[in-house]
Amino acid sequence: MSATESAPRSASSQGSGLVRWLTSAPPLAFLTIFFLVPSLIMVGASFRFPGELGALAPLFGPGAEGEETGLTLENYQVFLGDTIYVQIFVKSFGVAALTTLACLVMAYPVALLIARSPKRHRNLLVLLCVLPFASNFLVRVYAWMIILGPFDLLFSRLAVLVGMVYVHLPFMILPLYTNLEKHDPTLLDAAQDLGASAWNRFWRVTFPLSLPGIFSGSALVFIPVLGMFAIPEILGGKDDWLVGNLIKESFLGTRDWPFGSMLSLMLTFAVLAIAGLAAWLARRGVARA
Amino acid sequence: MRRSPLLVASAIAVYLFLYVPLAVVVVFSFNDSKLSAEWVGFTTSWYAKLVRNDEMLKAATNSLVIAVVAAAAATVLGTMAGIAMHRYKSRLLPFMVLTPIAMPEILLGVSLLIFFITTFGEESLSLLTVIVAHTTFCIGFVAIIVRARLAGMDESIFEAARDLGATPWQTFRLVTLPLITPGVIAGALMAFTLSIDDFVITFFTAGAGVPTLPLTIYTMVKVAVTPEVNALSTLLMLLTLTLIVVAGKIAPDAIGGKG
């Protein structure tokens, strides 16, 4: 550990500035142009007016007829002024929370079983969890169209939830298993020797120790669910729209880019808050364990 | 170790939950009926229809071209980033490399949509914009795999090369590069798989003229669901499955950490 930590310093002290520049500059330049700049343009767009034919109205000078130009807080005022948008955000958080909880309940037995299997079987069992990922995301959603269709369950909130859980389940299984695998089995022996029941051994030993895995898995499920638009669109009804659908509609349907940009920014803040919370909880979980 | 029957039973139930839907898709791709509601009889006609469909072939070609070029570009840039992230302490590079893959895909999709159209005009959405967009999110995955490969290596090898008088470039070409090659190949295959499977970012950056296989599935699912979708899905599954097997043969350690 100390060898790898001291290595970067010794490498740079030997004057390999050129190597550093050669390896850092190309990816940095590419990502500045195609990630950072577009993100900043989007932040700027959230303070502008939509163009008459969609896209953005010009920032300076007279726009086309009926177009307002310059900067505005209107997009934010519309968002806060009508409860429907806040409601959709709240609903998205609700669906993401339910999906995360369902994933946790389903992932736990699998992760625990793999962690408690003989070493030679573990890789195969993990592979079996990841393999469904080899199918396209839309194929996995489509599969539920076929299954739920005959039961008249399609285009409902339940269908959306099932689809969300199905698509994101491995994201919960993997971090959970990585955590559970590291548990020292002698802790459970000790608990048993001290008279703890099977349930107490799980609830008072295994579960608290697995909290960091639970939190990182939860972040990996919660965050993508927040931005998902295809699953509500394919499996849900019109009432099941989430933030992702709202953003997609603003860009491709109503072509109100400034409003879509503002919504994207709100989603970004929501994601950052969740990621921050998960990281904080995971640290606390480690500290307590 | 402690594996109660309840634990085993519930884990098996979850494994079934993972596999039954995909099995249903495959089985109904051979069903001799336009509806996927009940089994009528065995046929391969949906596959035959698929192969004769010109739109589908165009979409497959697009997907392949995009995936090859984007994977190549992302492999070069991601390998550089992985090496730099391992060797130098910088906050900027990891932020720029990892944020695009940590955020919901739709955010990168719409910000690139605004960027391409405001910078290059309404007509700019094309094969090239999709390739650029895919490269952007694949760099991070390649970088993570390459960095993981480097982290597992003994630093004294590089010190030995320097002590023996190798220049930084010689050390890189003769020592570092051969050692990280399995990681680079695994990263390239990962990038290829992610690109050929991507729907969300492609959806926002492709415009109307560039159908890809996932975009075609989306349209078929939304407009008219026929067993052709099942056939196409089954073929796509076979393709990615093959890639995973190949990647596992080349770099078994790197694939396990892809989660």
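All of these numbers come straight from a predicted model, not from anything done at the bench.

Taken together, the contacts link 80 residues of chain B with 92 residues of chain A. Buried area between chain B and chain A, both sides added, is near 7,700 Å², and the carbon and sulfur share of it is 78%. Taken together, the links from chain B to chain A amount to 9 residue pairs in polar contact (both at pLDDT 80 or more). Ranked by the residues each element gives to the side of chain B that touches chain A, the list is headed by helix H1 (residues 5–28) of chain B, at 14 residues. Of the residues contributing to the side of chain B that touches chain A, the split by class is 56 nonpolar, 14 polar and 10 charged.

With 173 residues, the main nonpolar core has Phe137, Phe229, Ile231 and Leu235 of chain A together with Ile106 and Phe199 of chain B as its most contacted residues. Residues within four places of Phe229 of chain A in sequence aside, it is in contact with Gly244, Asn245 and Lys248 of chain A together with Ile106, Phe199, Val200, Phe203, Phe204 and Tyr218 of chain B.

Residues and elements named next belong to chain A. Topologically, Gly81 is positioned in helix H3 (residues 74–81). The exposure class of Gly81 is exposed, given its relative accessible area of 65%. Sequence separation between Gly81 and Asp152 is 71 residues; the distance between their C-alpha atoms is 37 Å.

Once that is clear, we can look at the environment of Ser126 of chain B. All names here are of chain B. Mapped onto the elements of the fold, Ser126 is located in the loop between helix H5 (105–120) and helix H6 (127–151). Between the C-alpha atoms of Ser126 and Ala208, which are 82 residues apart in sequence, the distance is 8.5 Å. Among residues more than four places away in sequence, those in contact with Ser126 are Thr205, Ala206 and Val210.

For the rest of this paragraph, the subject is the domain arrangement of chain A. Domain annotation for chain A reports domain 1 (15–45) and domain 2 (82–288). The gap between the C-alpha centroids of domain 1 of chain A and domain 2 of chain A is 31 Å.

Now for the packing of helix H3 (residues 54–87) of chain B against H6 of chain B. Working note: a packed helix pair is described by the angle between its axes plus the distance between those axes. Residues and elements named next belong to chain B. The interhelical angle for the contact between H3 and H6, taken along N-to-C directions, is 40 degrees, at an axis separation of 5 Å. Our classification of the angle between H3 and H6 gives oblique. In the crossing of H3 with H6, the sense of the turn from one axis to the other is right-handed.

Residues and elements named next belong to chain A. Look at Phe155: it is not a glycine, yet its phi comes out positive at around 60 degrees. Looking at where Phe155 falls in the secondary structure, it is placed in the loop between helix H6 (137–148) and helix H7 (157–181). In the Ramachandran plot, Arg255 falls in the positive-phi region, its phi being about 55 degrees despite a non-glycine side chain. Structurally, the position occupied by Arg255 is in the loop between helix H12 (243–253) and helix H13 (257–288).

All right, on to the side chain of Ser117 of chain A then. The topology assignment puts Ser117 of chain A in the loop between helix H4 (83–115) and helix H5 (119–130). Once residues lying within four places of it in the same chain are set aside, the contact partners of Ser117 of chain A are Arg122 and Leu125 of chain A together with Arg3 of chain B.

This part takes up the pattern of salt bridges. A full pass over the atoms with the stated rule returns 6 salt bridges over all chains. Here Arg122 of chain A ties to Glu181 of chain A by a salt bridge, and the two come within 3.4 Å at their closest N and O atoms. Separated by 59 residues along the polypeptide, Arg122 of chain A in helix H5 and Glu181 of chain A in helix H7 bring together distant segments of the chain. A salt bridge links Glu122 of chain B to Arg255 of chain A, with the shortest nitrogen-to-oxygen separation between them at 3.3 Å. Here the residue Glu122 of chain B occupies a position in the loop between H5 and H6, and Arg255 of chain A occupies one in the loop between H12 and H13, the pair thus bridging two chains. The class of Glu122 of chain B is partly exposed, set by a relative accessible area of 43%. For Arg255 of chain A, a relative accessible area of 26% gives the class partly exposed.

Per the stated rule, a full pass over the model turns up 0 disulfides over all chains. Of the cysteine sulfurs around Cys103 of chain A, a residue in no disulfide, the closest is that of Cys129 of chain A, at 12 Å.

One pass over the full model with this rule turns up 32 aromatic pairs over all chains. Judged by centre distance (5.9 Å) and plane angle (90 degrees), the ring pair of Phe34 of chain A and Phe115 of chain B falls under edge-to-face. One end of the pair, Phe34 of chain A, is in helix H2 (residues 17–45); the other, Phe115 of chain B, is in helix H5, on a second chain. In this pair, the class of Phe34 of chain A matches that of Phe115 of chain B, namely buried. Between Trp199 of chain A and Trp203 of chain A, the ring centres sit 5.8 Å apart and the planes meet at 10 degrees, which makes this aromatic pair stacked. Of this pair, Trp199 of chain A and Trp203 of chain A both sit in helix H9 (residues 198–209), separated by 4 residues, roughly a single helical turn.

Reading the values: the criteria
Residues numbered from 1 in each chain as written. Chains lettered and ligands numbered in written order. Predicted model: local features only at pLDDT ≥ 70, side-chain atom pairs only at ≥ 80, totals over all residues. Heavy atoms only, no water. Contact = heavy atoms within 4.5 Å. Buried area = accessible area lost by both parts, 1.4 Å probe. Polar contact = N/O pair within 3.5 Å; in protein donor to acceptor, adjacent residues only side chain to side chain. Helix = DSSP H or I, 4+ residues; strand = E, 2+ residues; numbered from the N terminus. Nonpolar A, V, L, I, M, F, W, Y, C, P; charged D, E, K, R; others polar. Core = buried A, V, L, I, M, F, W, Y, C linked by side-chain atoms within 4.5 Å. Buried < 20%, exposed > 50% of the residue type's maximum accessible area, 1.4 Å probe, protein only. Domains from an automatic or database assignment. Axes fitted to C-alpha atoms, helices over the stretch in contact; angles between N-to-C directions. Parallel < 35°, antiparallel > 145°, perpendicular 65-115°, else oblique. Left-handed = near helix turned anticlockwise from the far one by under 90°. Salt bridge = Lys/Arg side-chain N within 4 Å of Asp/Glu carboxyl O. Disulfide = S-S within 2.5 Å. Phe/Tyr/Trp six-rings, centres within 6.5 Å; stacked < 30°, edge-to-face > 60°.

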